[in-house]
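# Coordinates in review
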Amino acid sequence: FERGDGGRIEGGTRMKRFRFRLQSLLFLRELRETQAATVLAQKLEQQRRLEHELVQAQARSEAARANLLQAEGKRFAPQDHSAALADFDRTVEQERSAEKALLVHTKILDKARLAWAEAGKELKAVNNLRGRAEDRHFQEATRREQAEMDEAASRIAGASYSLPS
């Protein structure tokens, strides 16, 4: 009663193929998780760019601050001092704008992380359902296979008792 390549026991029937009845839901959950991961990756890249822009704005602001301090310590024409002050104000505003953009984007990134985590939980739940259904399927197939082998063994044993001596 060895199992052949075709998954059947000699004289038995072929084991039914496993079919997950929620396969379409599983596919949708996989798609949703993949899309959420893609959005998260995009938001992380945007976050990195915004952080880089903030660092650059801070460096420009610091350079303008140093330029303004240098202008105040020397005798410059009023228009030079005024230009240094305007440049400083402009760079400080750019820095504030970059900080605000980063703060707003951090909230968007947090939402993307939560959406990805939720999609992952939902996918895991359906995968767990699939695993349990697959386990039940194979346990039932094993039980049927064992019943067929027991029945075949009973027939063989019954046939050996009925042989004339």
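Source: prediction; values computed, not measured. (Residues numbered from 1 in each chain as written. Predicted model: local features only at pLDDT ≥ 70, side-chain atom pairs only at ≥ 80, totals over all residues. Heavy atoms only, no water.)

### Points about the overall build of the protein chain
The helix and strand inventory of the protein chain stands at two helices and zero strands. Buried positions account for 21% of the 165 residues belonging to the protein chain. Partitioning the intrachain contacts of the protein chain with sequence separation of at least 6 by distance along the chain shows that 79% fall at a separation of at least 24. Surface accessibility of the protein chain: about 12400 Å² in total, with carbon and sulfur atoms responsible for 54%. (Helix = DSSP H or I, 4+ residues; strand = E, 2+ residues; numbered from the N terminus. Buried < 20%, exposed > 50% of the residue type's maximum accessible area, 1.4 Å probe, protein only. Contact = heavy atoms within 4.5 Å. Areas by Shrake-Rupley, 256 points an atom, 1.4 Å probe, with all protein chains shown as cover.)

### Points about the environment of Leu25
With respect to the helices and strands, the residue Leu25 is situated in helix α1 (residues 23-73). Relative accessible area serves as the criterion here: at 28%, Leu25 is assigned to the partly exposed category. With 101 residues separating them in the primary sequence, Leu25 and Val126 have C-alpha atoms 7.7 Å apart.

### Some thoughts on the pattern of salt bridges
With the rule as written, the count across this model stands at eleven salt bridges. Between Arg32 and Glu122 there is a salt bridge whose closest N-O contact spans 2.3 Å. Taken together, the residues Arg32 in helix α1 and Glu122 in helix α2 (residues 78-161) connect sequence positions 90 residues apart. Residue Arg32 is classed as partly exposed on the basis of its relative accessible area, which comes to 37%. Taken together, the shared-partner salt bridges in this structure form one network comprising Arg29, Arg32 and Glu122. (Salt bridge = Lys/Arg side-chain N within 4 Å of Asp/Glu carboxyl O.)

### Section: the environment of Gln47
Within the secondary structure, Gln47 sits in helix α1. According to the relative accessible area criterion, Gln47 is buried, its value standing at 9%. C-alpha separation for the pair Gln47 and Leu103, spaced 56 residues apart in sequence, amounts to 9.7 Å. In contact with Gln47, other than residues within four places in its own chain, are Leu102, His105, Thr106 and Leu109.

### Thoughts on a nonpolar patch on the surface
On the surface, a cluster of nonpolar side chains totalling about 300 Å² of accessible area is made up of Phe27, Leu28 and Leu31. By secondary structure assignment, the location of Leu28 is in helix α1. (Patch = residues over 30% accessible without salt bridge, like charges linked within 9 Å, V, L, I, M, F, W, Y side chains within 5 Å.)

### Quick word on the layout of surface pockets
Of the voids in this model, the largest pocket is the one considered here, and its volume is about 250 Å³. The wall of the largest pocket is formed by Lys16, Arg17, Phe18, Arg19, Phe20, Arg21, Leu22, Leu129, Arg132, Ala133, Arg136 and His137. Looking at the lining of the largest pocket residue by residue, the class counts come to five nonpolar, one polar and six charged. (1 Å grid on protein atoms, 1.4 Å probe; cavity = no way out; pocket = protein on both sides within 12 Å on 5 of 7 lines; lining within 4 Å. Points joined across faces, edges and corners; volume = space filled by probe spheres on them. Nonpolar A, V, L, I, M, F, W, Y, C, P; charged D, E, K, R; others polar.)

### With respect to the side chain of His105
Inspection of the secondary structure puts His105 in helix α2. Sequence-distant contacts of His105, defined by excluding residues within four places in its chain, comprise Lys43, Gln46, Gln47 and Leu50.

### With respect to the confidence of the model for the protein chain
Do not read the fine detail of predicted coordinates wherever pLDDT is low. Mean pLDDT for the protein chain: 87, with 87% of residues reaching 70 or above. Counting interchain partners and residues more than four positions distant, the pLDDT-below-50 stretch residues 1-11 has 21 contacts. (pLDDT = per-residue confidence, 0-100.)

### Quick notes on the environment of Leu26
Its location among the elements puts Leu26 in helix α1. Residue class for Leu26 comes out buried when judged on its relative accessible area of 3%. In sequence terms Leu26 and Leu123 are 97 residues apart; their C-alpha atoms lie 6.9 Å from each other. Those residues in contact with Leu26 that lie beyond four places of it in its chain are Phe20, Leu123, Val126, Asn127 and Arg130.

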